[in-house]
Amino acid sequence: MLYKPINPSFFEAPVLELAPQLLGQYIVHEQPEGRLVARIVETEAYRGPEDRAAHSFGNRRTKRTDVMFGEAGLVYTYQMHTHTLINVVSGPIGTPHAILIRAVEPVEGLEQMKENRGSQLKMKDWTNGPGKLTKALGITMDYYGHHWTHEPLFIAEGPKPAAIEVGPRVGIGNTGEAVHYPWRFYEKDNPFVSKYRP
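This text gives an overview of the structure that appears in the document. Since the model is a prediction, treat every value here as computed from it, not as a measurement.

**Section: the pairing of strand β4 (residues 83-90)**
- Counting buried residues in β4 gives seven out of eight residues, a clear majority hidden from the surface.
- Taken together, the six bridges between strand β3 (residues 75-80) and β4 define a ladder with antiparallel strand orientation. When the bridges of β4 are listed, methionine 80 appears paired with histidine 83.
- Taking the residues that link successive antiparallel strands as the turn, the β3-β4 hairpin has two residues, and the phi of histidine 81 there is positive, at about 50°.
- Taken together, the four bridges between β4 and strand β5 (residues 97-108) define a ladder with antiparallel strand orientation. Each bridged residue has a counterpart across the sheet, and for asparagine 87 the counterpart in β5 is leucine 100.
- Hairpin remark: β4 followed by β5, antiparallel, with six residues in the connecting loop; positive phi at glycine 91, about 85°.

**Thoughts on unusual backbone geometry**
- Cis geometry is found at the peptide bond from glycine 48 to proline 49, where omega equals 10°.
- Look at the link from glutamate 151 to proline 152: it is a cis peptide, with omega at 10°.
- Positive phi, normally seen in glycine, also occurs at histidine 81, with a value near 50°.
- Tracing the backbone through its elements, the reader meets histidine 81 in the loop between β3 and β4.
- Judged by relative accessible area, which is 66%, histidine 81 ranks as exposed.
- One non-glycine residue with positive phi stands out, namely aspartate 189, at about 65°.

**Here we look at the layout of surface pockets**
- What the largest pocket holds in volume is close to 580 Å³.
- Along the walls of the largest pocket sit 27 residues, with Met80, Leu85, Leu100, Arg102 and Pro130 positioned nearest its centre.
- Classifying every residue of the lining of the largest pocket gives 13 nonpolar, nine polar and five charged.
- In this structure, the second largest pocket occupies an estimated 160 Å³ of space.
- Surrounding the second largest pocket, Ile6, Phe10, Pro20, Gln21, Leu23, Gln25, Glu157, Gly158, Lys160, Pro161 and Ile164 form its lining.

**Regarding the pattern of salt bridges**
- Summed over all chains, the structure comprises nine salt bridges.
- Taking the shortest distance from any N to any O, the salt bridge between glutamate 108 and arginine 35 comes out at 3.0 Å. Here the residue glutamate 108 occupies a position in strand β5, and arginine 35 occupies one in strand β2 (residues 34-47), the gap between them amounting to 73 residues.
- Residue glutamate 108 is classed as partly exposed on the basis of its relative accessible area of 22%.
- Taking the relative accessible area as the measure of exposure, arginine 35 reaches 28% and is therefore partly exposed.
- Taking the shortest distance from any N to any O, the salt bridge between arginine 169 and aspartate 51 comes out at 2.6 Å. Highlighted residues: arginine 169 in the loop between β7 (164-167) and β8 (184-187) and aspartate 51 in the loop between β2 and β3, separated in sequence by 118 residues. The exposure classification of arginine 169 matches that of aspartate 51, with both residues buried.
- Residues joined by salt bridges that share partners form a network here, namely Glu42, Glu44, Arg102 and Arg184.

**Quick notes on the side chain of arginine 39**
- Checked against the element boundaries, arginine 39 lands in strand β2.
- In this structure the side chain of arginine 39 is engaged in a polar contact, spanning 2.9 Å, whose partner is the side chain of glutamate 187.
- Ignoring sequence-local partners within four residues, the contact set of arginine 39 consists of Gly24, Gln25, Tyr26, Ala103, Val104, Glu105, Val107, Pro159, Lys160, Pro161, Glu187 and Asn190.

**Topic: helix α2 (residues 110-117)**
- Restricting attention to buried positions, one finds in α2 the residues Gln112, Met113 and Arg117. For α2, the buried positions fall inside an angular range of 125° around the axis, keeping them on one side. α2 presents Glu111 and Glu115 as exposed residues on the side facing more than 90 degrees away from its buried surface.
- Just downstream of α2, glycine 118 is the residue with a positive phi angle, here 110°.

Cut-offs applied
- Residues numbered from 1 in each chain as written.
- Predicted model: local features only at pLDDT ≥ 70, side-chain atom pairs only at ≥ 80, totals over all residues.
- Heavy atoms only, no water.
- Buried < 20%, exposed > 50% of the residue type's maximum accessible area, 1.4 Å probe, protein only.
- Helix = DSSP H or I, 4+ residues; strand = E, 2+ residues; numbered from the N terminus.
- Pairing = 2+ DSSP bridges.
- 1 Å grid on protein atoms, 1.4 Å probe; cavity = no way out; pocket = protein on both sides within 12 Å on 5 of 7 lines; lining within 4 Å.
- Points joined across faces, edges and corners; volume = space filled by probe spheres on them.
- Nonpolar A, V, L, I, M, F, W, Y, C, P; charged D, E, K, R; others polar.
- Salt bridge = Lys/Arg side-chain N within 4 Å of Asp/Glu carboxyl O.
- Polar contact = N/O pair within 3.5 Å; in protein donor to acceptor, adjacent residues only side chain to side chain.
- Contact = heavy atoms within 4.5 Å.
- Arc of directions from axis to C-beta.

Remember, this is a structural readout, not a statement about activity or role.
Structure, rendered in structure tokens:
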């Protein structure tokens, strides 16, 4: 199949519109050993500066969050418990919004993904969490500030989900009222969606 980077204007939608629109799109990572492709099935929107769960709450601008203040469509990577997590920067320049990619469904390059994640795991455990999917797809912190329309790591157009479900975000317990915001979006009944934990 031919994958080509999505139009940059796709990323200009407001964060709470873009987060569900990312569902069904493909992440494509071209590597020397082959192409890895996975379909996005779960996202979470973070709307700094007013969102207590966002790294950019209160317009916090640090070395880590700096890219969130850039143009829509940039890659925001960060590390959590040794895992690399990837986000799509959203919103106009100077507005630090981002969308965490929480889970993907493997499409191409399955043998390489299996090797990246460990051959003893069931396929649905390769990519059903934000730290798992980056390992499976070979995505590292090096992509911080990269743009999602540029090779070798890009988002390509994919089939829309038949149904989308909405709920609170995962694992943000100490964030006051932000705990309850229904800003997690996922494809209904997709087995690769991560398990919800408050």
